[in-house]
Amino acid sequence: IKSLHNQVITLTRLVDDLYSLSQSDNGVLIDTSHNVDITNIINNIANQNEVRLADKHIAIQRLYDHRQPMLLHADAKSLAQLIGNLFENSYRYTDQNGQIKINLQQTNDSILLTIEDSAPAVPDAALPKLFERMYRVDKSRSRANGGSGLGLSICENIIKRHNGHISAQHSKLGGLKIAISLPIKDN
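The rules behind the values
Residues numbered from 1 in each chain as written. Predicted model: local features only at pLDDT ≥ 70, side-chain atom pairs only at ≥ 80, totals over all residues. Heavy atoms only, no water. Helix = DSSP H or I, 4+ residues; strand = E, 2+ residues; numbered from the N terminus. Buried < 20%, exposed > 50% of the residue type's maximum accessible area, 1.4 Å probe, protein only. Contact = heavy atoms within 4.5 Å. Core = buried A, V, L, I, M, F, W, Y, C linked by side-chain atoms within 4.5 Å. Axes fitted to C-alpha atoms, helices over the stretch in contact; angles between N-to-C directions. Parallel < 35°, antiparallel > 145°, perpendicular 65-115°, else oblique. Left-handed = near helix turned anticlockwise from the far one by under 90°. Nonpolar A, V, L, I, M, F, W, Y, C, P; charged D, E, K, R; others polar. Pairing = 2+ DSSP bridges.

1. Focus on the overall build of the protein chain
Regarding its fold elements, the protein chain presents five helices and seven strands. Ordering the α and β elements of the protein chain from the N terminus gives α-β-α-β-β-α-β-β-α-α-β-β. Counting across all 187 residues of the protein chain, residues that qualify as buried make up 43%. The long-range share in the protein chain, meaning contacts at least 24 apart out of those at least 6 apart in sequence, stands at 73%.

Pasting the structure below:
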């Protein structure tokens, strides 16, 4: 029964991810006309994840002033989903006793967000494929960790709907670095 229950949970997550991807494909419910404080969204999601990251002995380092608001025209709900997906990936694919670094900077016309984690690394050949639907670096490990291979595709769609840019690269910490650029105002 426990095995069946776990399979149902996995299938439920997959259906939820497919639904989210479908919505992000069509831009459903993404309204970028509101001023949103991205610092607040990041802080809330980091705070929500601190306990479970601590259980895995993963330290979060915030390389920005978490009291300083950074406003941009965006959809708060979809940005929260984006950041939540990135935290989930870091949790799933960072070894115990690892670390996550979050940096947030503002330029004249955009906000730059980077989230990077420690080992394990992603192979060079996998970096350009990470945003492809259903792509998983290590199929057996991803399945064991509950990944559907849709999270980064959803993130990419959300960033595109905000006229931004997202990329993946190697982190100096030994894992993955996701770099995001979001315009402060609608284009």
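2. Description of the nonpolar core
In this structure, Ile38, Leu82, Ile83, Ile178 and Ile180 are the most contacted members of the largest nonpolar core, which totals 41 residues. Of all the secondary-structure elements, those providing two or more residues to this core are helix H2 (38–55), strand E3 (71–74), helix H3 (76–93), strand E4 (99–106), strand E5 (110–118), helix H5 (151–161), strand E6 (165–170) and strand E7 (174–183). Here this core gets six residues from one element, more than from any other, and that element is H2. Contacts of isoleucine 180, omitting those with residues within four sequence positions, involve Leu82, Leu86, Ile111, Leu112, Leu113, Ile159, His165 and Ile166.

3. Brief notes about the packing of H3 against H5
Across the interface, H3 lies against H5 with an axial gap of 9 Å and an inter-helix angle of 150°. Compared by their axis directions, H3 and H5 come out roughly antiparallel. Every pair of crossing elements has a handedness; the one defined by H3 and H5 is left-handed. Side by side, H3 and H5 meet where Ser78, Gln81, Leu82, Asn85, Leu86 and Asn89 of the first sit next to Gly151, Leu152, Ile154, Cys155, Ile158 and Ile159 of the second. Along the lines of polarity and charge, the residues of the contact of H3 with H5 split into seven nonpolar, five polar and no charged.

4. Section: the sheet that holds E4
What the five strands build is an open sheet, ordered E2-E4-E5-E7-E6; its pairing is mixed. Each edge of the open sheet is held by one strand with a lone partner, namely strand E2 (59–62) and E6. Mean inter-strand twist for the sheet, computed between neighbouring axes without regard to direction, equals 15°. Two strands pair when backbone bridges link them, and E6 and E7 are joined in this way by six bridges, in the antiparallel orientation. From the neighbouring strand, serine 167 faces E7, where its bridge partner is alanine 179. Along the sheet face, H2 touches E2, E4, E5 and E7 and points at about 160° away from the line of E2. Sitting on the sheet, H5 is in contact with E6 and E7, with an inclination near 140° to E6.

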